[in-house]
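Descriptive structure summary
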Amino acid sequence: MISVDRTDLAFQLFDALPTASLAALPRFADYDRTAMEEVLDTAERIAMDHFLPHAAALDLDEPRFENGKVAMDPRVGQALAAYREAGFFGAGFDQEWGGAQMPETLRSAASFIFSMANVSTAAYPFLTVGAAHLIAAFGSDDQKERFLKPMIEGRFFGTMCLSEPQAGSSLSDITTKAEPDKDSYLLHGQKMWISGGDQEISENIIHLVLARLPDSPPGVKGISLFIVPKYLLRKDGKRGKRNGVELAGLNHKMGYRGTTNAALNLGEKTPCRGYLVGEANRGLTYMFHMMNEARIGVGLGAAALGAAGYRASLVYARDRPQGRHPGHKDASSAQVPIIEHADVRRLLLAQKAAVEGALALLLYTAFLVDATKAAPNAETRHETELLLDLLTPIAKSWPSEFCLEANKHAIQVLGGYGYTRDYPVERLYRDNRLNAIHEGTHGIQGLDLLGRKVMQDNGAGIKTLATRIMADVTQAHAFENLAAHAEDLAAHLGEAVATTGKLAGRAASAPESGLANATLYLDMMGHVVVAWMWLRQALTASRKLRTDGANTDFLEGKLAACRYFFAYELPKARTQRALLDSLDDTTLTMKPEWF
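These numbers were taken from a predicted model, which means no experiment stands behind them.

Considering the overall build of the chain
Scanning the chain from terminus to terminus reveals 19 helices and 12 strands. Judged by the C-alpha coordinates and their principal axes, the chain covers about 80 × 60 × 60 Å. When each of the 595 residues of the chain is scored for burial, the buried share is 56%. A total accessible area of about 24300 Å² is found for the chain, and carbon and sulfur atoms account for 52% of it. One way to put it: in the chain the 63 positive side-chain charges average out to a point 3 Å from where the 70 negative ones average out.

So, in structure tokens, the structure goes:
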């Protein structure tokens, strides 16, 4: 029942974004439009043939902890072997390290396809690619040679080991220690909730571990980063003896059940050796390089799960006969497909508006990554990076919240069937519930956006955002069907900027008060940004309707979804801003003992 909408993906990549133009850059010269389509064809074939078939079974038969090892469905390893053979592990890396130098926009589109098919299996390369990018950015030449190359080849997998049992998101409270020992370090501690933390699929696992040196200062300024392999490497680069990274057990999750989630003991029974990445006490700075990338990837996974539910419920709604139109009461007449009912179309429109709006945002952020490589000068690159930084918490969190809502609607479309395991929509909902939690919870993203990102460089990022939105607003005025949307978005933008200034000012003088409703601010800004994404799509659709008579149903569908978002979703932002502008302190002044 799950299928990829390649028409929408092509529209998003090549009409709403100038992705094909990236081939003009020397770095991406191998990727013209034809080559990009071939990459997507390959991704879709592998996803449908190797990832999708075991997705439901993997959810029912999750990985097991047996005799100190992980036992899991062998089809996970088979799917990832096909992924590896097609070169997707190294798709975005430099050719000098064995990568394919694929544009990030295209790589993200391919990742979207894999996550739609089976997000649990897709999580292993997602984590590996993020860890490899960190080593590529901050590792020594020797570390790149020994660890990065095998990760790019897909022989070694990667993880990120931040959290501990007593310190989830509070990284300043981690207690794992690293003691110098000749040319490496001996680590002692525990790590918890480590996705991909152990498995028997890859030749090795490269853990990126946050720990403290003996003389490190307290708090986040005293955290260093270490490469800790599951198996130590011999001088010739071959796998050697087992390192002291011991699997203590597996956590059993509501969703994402096919991805191992491990509790790890470091150095408890045998020495655990690690290698310092970069400089001492700069570990959190380095790890945020991976976390920011991971946060966009989480948003992409959320959009993919929302899209999978939408596609499944759309097929069901077209095929399922039930009831009759309100004006037709003859019980002997034929029933109509449920898509004929207005409320079912509302549920489908809500899904379409969420998932296609989220995908537009995530591909836009991926294009910003590519644009930094194409920037003609340092000033333009800095401006692009600031906009990307500003959009990252929104790109992570808005899809995680509202594509989950789309999954809820998909269950509702199927009714009682949707609540059973006979159909995938209940599994997709459970899988998507994780995305508002991992890689920084929804609340943490709100604090990041309001407490840090909007005020970087005296608000340069939000000024750039406003400039780009208004450029599209100006273009939309040329289309009669979009003029009202343009005016509406411009008004919301002006109000959002004013609210931002008010909250930022309060946060500067009274941080607890100014940031008390940061999560609400995140949702509000997300609605404004996704409305912009819908205006961009509607602009593209309107232009194509003027010049291209083909595929009018698809284009009219885009305009209808835009109309839905502006009528049903964007007005919620104004209600949110009224509460934010009031500087309401209900949550702040509520005393714990009153609960």
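Some details on helix α5 (residues 104–117)
An α-helical turn contains 3.6 residues, so any two residues separated by three or four positions project in the same direction. Its 14 residues place the ends of α5 20 Å apart at the C-alpha level, agreeing with the 20 Å of an ideal helix rising 1.5 Å per residue. Within α5, 14 of the 14 residues are buried, which leaves it mostly tucked inside the rest of the structure.

Re the environment of A20
Within the secondary structure, A20 is located in the loop between α1 (6–15) and α2 (33–51). C-alpha separation for the pair A20 and L106, spaced 86 residues apart in sequence, amounts to 9.5 Å.

Quick notes on the UniProt feature "domain: Acyl-CoA oxidase/dehydrogenase middle" (unreviewed entry) in the chain
The feature "domain: Acyl-CoA oxidase/dehydrogenase middle" (unreviewed entry), as given by UniProt, occupies residues 160–264 in the numbering adopted here. Between the C-alpha atoms that bound residues 160–264 the distance is 12 Å, and the span itself is 0% helix and 48% strand.

Description of the pattern of salt bridges
Taken as a whole and assessed by the stated rule, the structure comprises 33 salt bridges. Of the charged contacts in the structure, one is a salt bridge between R27 and D94, with a shortest N-O distance of 2.8 Å. Of the two residues, R27 is situated in the loop between α1 and α2 and D94 in the loop between α4 (74–85) and α5; the sequence distance between them amounts to 67 residues. Across the salt bridge formed by R346 and D343, the nearest N and O atoms sit 2.6 Å from each other. Highlighted residues: R346 and D343, both in helix α9 (residues 342–374), separated by three residues, approximately one helical turn. Overall, the relative accessible area of 44% leaves D343 in the partly exposed class. Here the salt bridges do not stand alone but share partners, grouping R6, R33, E37, D41 and E44 into one network.

Each value, and the rule that gives it
- Residues numbered from 1 in each chain as written.
- Predicted model: local features only at pLDDT ≥ 70, side-chain atom pairs only at ≥ 80, totals over all residues.
- Heavy atoms only, no water.
- Helix = DSSP H or I, 4+ residues; strand = E, 2+ residues; numbered from the N terminus.
- Buried < 20%, exposed > 50% of the residue type's maximum accessible area, 1.4 Å probe, protein only.
- Areas by Shrake-Rupley, 256 points an atom, 1.4 Å probe, with all protein chains shown as cover.
- Lys, Arg positive; Asp, Glu negative; His and termini not counted.
- Charge placed at Lys NZ, Arg CZ, Asp CG, Glu CD.
- Expected span 1.5 Å × (residues − 1).
- UniProt positions renumbered as here; feature names shortened; annotations may be inferred.
- Salt bridge = Lys/Arg side-chain N within 4 Å of Asp/Glu carboxyl O.

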